[in-house]
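# Survey of secondary and tertiary structure
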Amino acid sequence: MVWKISDETAYDTLGEEVHLTINGVTIRAPQDQSLLVTARQNGFEIPTLCYHRDLPSEGHCRLCVVEIGEHPRTQIVNSCTYPTQAGLVVQTHSETVLQARRMVLELLLARTPKAKLIQEMAAAHGVYESRFKTDDPEELCILCGLCVRTCREVVGVSAISMKGRTPDKQVATPFMEKSSACIGCGSCAFVCPNNVIPYTEKEGIRTIWGRDFELQPCNVCGNYIAPKYQLEHWAKITGDPVENFFVCKDCR
Amino acid sequence: MDLPRLEAILSRYEGESWDLIPVLQDIQDAYSYLPKDELQVVSERLNVPMTQIYSVATFFKMFSLLPKGKHQIKVCLGTTCHLRGGGRVVESLSHRLGVEVGYTTKDMQFSLETVGCLGSCAQAPVMMVDDKYFGRSTVDKVPKILKLYK
Ligand code: SF4
Ligand code: FES
Ligand code: FES
């Protein structure tokens, strides 16, 4: 079972078209679609770190902030979780917005000083160093939660989640033990923008989240396809016999 | 595992995913911590993945995954208590009990933790033992308070 905590309207279900203005331009967009998507569809670029079009938005990184409302009663909101509404007045690049984004990047830079992506994004916004204290100079995780959401929403397994609260928050398996739910697919490692999640593959064994997974070779060419567990998971959701998955896609 | 004891708690709820926090609170009260096996049953009954339970259990300070002592000592380090010497009270307790903040004494009598504002700033510094408040709990009162529970 896939367990959703997100509000559906925050991303996909399209409402009726409404008018709103972004950076002074009047546009039409479906009501309740996220402001981020509305802006991007109309050519207004907004930087993001924790947004992924195939995942529900959870608003972790705050880089996507925009200003809504009319001077002097404006408000800063996450565009990835804010719904498009009739008559909304949105600024994607006002001085307030840029300042907020620089602050977010400065904080992220302090958290993960060695993360390439963060360095680049910060530089693109004119942020080259941080006034804030770095706890762990080797830290790479920005707590975007893409791994957690991918595992839960796309893989449909939920083997990892956030543990604790800041400043000690981290991605972990329950009780920091080998997860019995994990199928070894590696989607979390793949989606991570900073390559935080370690996994190794040698002699037909993939190791991830502290657990070893036997890899299934292709019945025809002998190349490894995926962990046996993952193929069994596929067999379970498709209802096909697991042997159907023992031939790699090149040999089919 | 004492299943009937857990059943008694679960039977008070509908078994929906949003019952998670109240169920965990009841388990915490009854067991003084959240035992892993019990959480496994909760996960199945409420249809909430273990990952989510672990997230919630590690997020809120009121939950503990390790057994707690017979008495819970909470020292307030909210703004007012902090300014009125709450920190020294923690130190003194920690020293006298031989236990660090967040841990339980070896004899399982006391767990020591710090909390945010307890809502009694006029009495600062404030500490609590179980459900009882101790206002103006300066360092010299610490031994007297502890004596009540030994
Ligand atoms: S491990 Fe990677 S994907 Fe997961 S929260 Fe951290 S940075 Fe994001
Ligand atoms: S993209 Fe909106 S908060 Fe990260
Ligand atoms: S700060 Fe301690 S009771 Fe308010």
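Residues numbered from 1 in each chain as written. Chains lettered and ligands numbered in written order. Predicted model: local features only at pLDDT ≥ 70, side-chain atom pairs only at ≥ 80, totals over all residues. Heavy atoms only, no water.

### Let's talk about the packing of aromatic side chains
In the structure shown here, the tally under the stated rule is six aromatic pairs over all chains. The interplanar angle of 85 degrees and the centroid separation of 5.8 Å between the aromatic rings of Phe213 of chain A and Tyr229 of chain A together place this pair among those described as edge-to-face. With Phe213 of chain A in strand S10 (residues 211-217) and Tyr229 of chain A in helix H6 (residues 228-238), the pair connects residues that are 16 residues apart, well separated along the chain. The buried category is assigned to Phe213 of chain A, whose relative accessible area is 0%. Ring geometry for Phe60 of chain B against Phe63 of chain B: centres 6.2 Å apart, planes inclined by 85 degrees, an arrangement best described as edge-to-face. With relative accessibility at 30%, the residue Phe60 of chain B sits in the partly exposed group. Three or more aromatic residues joined by ring pairs form one cluster here, namely Phe59, Phe60 and Phe63 of chain B. A cation over an aromatic ring shows up here: Arg5 of chain B above the ring of Tyr31 of chain B, its NZ or CZ 4.0 Å from the ring centre. Geometry around Phe175 of chain A places Lys36 of chain B over its ring, the cationic atom sitting 5.2 Å from the centre. (Phe/Tyr/Trp six-rings, centres within 6.5 Å; stacked < 30°, edge-to-face > 60°. Helix = DSSP H or I, 4+ residues; strand = E, 2+ residues; numbered from the N terminus. Buried < 20%, exposed > 50% of the residue type's maximum accessible area, 1.4 Å probe, protein only. Lys NZ or Arg CZ within 6 Å of the ring centre and 35° of its normal.)

### Overview of unusual backbone geometry
Phi is mostly negative for residues that are not glycine, and the peptide bonds are mostly trans. Cis geometry is found at the peptide bond from Thr166 of chain A to Pro167 of chain A, where omega equals 5 degrees. On the secondary structure map, Pro167 of chain A appears in the loop between strand S6 (161-163) and strand S7 (170-172). Here the amide bond leading from Ala124 of chain B into Pro125 of chain B is cis, since omega sits at -5 degrees, within 30 degrees of zero. Locating Pro125 of chain B in the fold gives a position in the loop between strand S2 (110-115) and strand S3 (127-129). Here the phi dihedral of Asn47 of chain B falls at roughly 60 degrees; this positive angle occurs in a residue that is not glycine. Counting through the fold element by element, Asn47 of chain B comes out in the loop between helix H3 (36-46) and helix H4 (50-59). Residue class for Asn47 of chain B comes out partly exposed when judged on its relative accessible area of 44%.

### Some details on the confidence of the model for chain B
Of all residues in chain B, 100% have pLDDT values of 70 or greater, and the mean over the chain is 94. No element of chain B has a lower mean pLDDT than S2 of chain B, which averages 93, and none a higher one than H4 of chain B, which averages 97. (pLDDT = per-residue confidence, 0-100.)

### With respect to the sheet that holds strand S11 (residues 224-227) of chain A
Working definition: the strands of a sheet are paired by backbone hydrogen bonds and lie parallel or antiparallel to each other. All names here are of chain A. Taken in spatial order, the four strands make up an open sheet running S8-S9-S10-S11, and their pairing is antiparallel. Each edge of the open sheet is held by one strand with a lone partner, namely strand S8 (199-202) and S11. The average undirected angle you get between the axes of adjacent strands in this sheet is 25 degrees. Along the sheet, H6 contacts strand S9 (205-208), S10 and S11; its crossing angle with S11, the most-contacted strand, is approximately 75 degrees. (Pairing = 2+ DSSP bridges. Axes fitted to C-alpha atoms, helices over the stretch in contact; angles between N-to-C directions. Contact = heavy atoms within 4.5 Å.)

### Describing the nonpolar core
Of all hydrophobic cores here, the largest spans 36 residues; its most connected members are Leu49, Leu63, Ile118, Cys147, Ile160, Val171 and Ile208 of chain A. Mapped by element, the contributors of at least two residues to this core are helix H2 (95-111), helix H3 (116-124), helix H4 (146-155) and helix H5 (187-191) of chain A. Ranked by residue count, the leading element in this core is H4 of chain A, at five residues. A domain split of this core shows at least three residues from each of domain 1 (8-93) and domain 2 (146-245) of chain A. Residue contacts for Ile208 of chain A: discarding those within four places in its chain leaves Cys182, Gly184, Gly186, Cys188, Ala189, Ile197, Pro198, Tyr199 and Phe213 of chain A. In this structure, Ile9, Leu39, Val42 and Tyr54 of chain B belong to the second largest nonpolar core, which totals 22 residues. (Core = buried A, V, L, I, M, F, W, Y, C linked by side-chain atoms within 4.5 Å. Domains from an automatic or database assignment.)

### Overview of a nonpolar patch on the surface
Together, Ile21, Phe59, Phe60 and Met62 of chain B make up an exposed nonpolar region whose accessible area comes to about 300 Å². Relative to the helices and strands, Ile21 of chain B resides in helix H2 (residues 20-31). (Patch = residues over 30% accessible without salt bridge, like charges linked within 9 Å, V, L, I, M, F, W, Y side chains within 5 Å. Areas by Shrake-Rupley, 256 points an atom, 1.4 Å probe, with all protein chains shown as cover. Salt bridge = Lys/Arg side-chain N within 4 Å of Asp/Glu carboxyl O.)

### Some remarks on the domain arrangement of chain A
All names here are of chain A. Per the domain assignment, the segments of chain A are domain 1 (8-93) and domain 2 (146-245). A C-alpha centroid distance of 33 Å is found between domain 1 and domain 2. Taken together, the contacts link ten residues of domain 1 with seven residues of domain 2. Carbon and sulfur atoms make up 60% of the area that domain 1 and domain 2 hide from each other, which totals about 670 Å². Contact with domain 2 buries area across many residues of domain 1, yet Leu55, Pro56 and Glu58 alone supply 57% of it, more than any other trio. One can count two salt bridges joining domain 1 with domain 2. Arg152 is the salt-bridge partner of Glu58, the closest N and O atoms lying 2.9 Å from each other. (Buried area = accessible area lost by both parts, 1.4 Å probe.)

### A short note on the pattern of salt bridges
All names here are of chain A. What the rule picks out here adds up to 16 salt bridges over all chains. In this structure, Glu153 and Arg152 form a salt bridge, with 3.0 Å as the shortest nitrogen-oxygen distance. The pair formed by Glu153 and Arg152 is uniform in burial state, with each residue classed as buried. A single salt-bridge network, built from bridges that share partners, covers Glu58, Arg149, Arg152 and Glu153.

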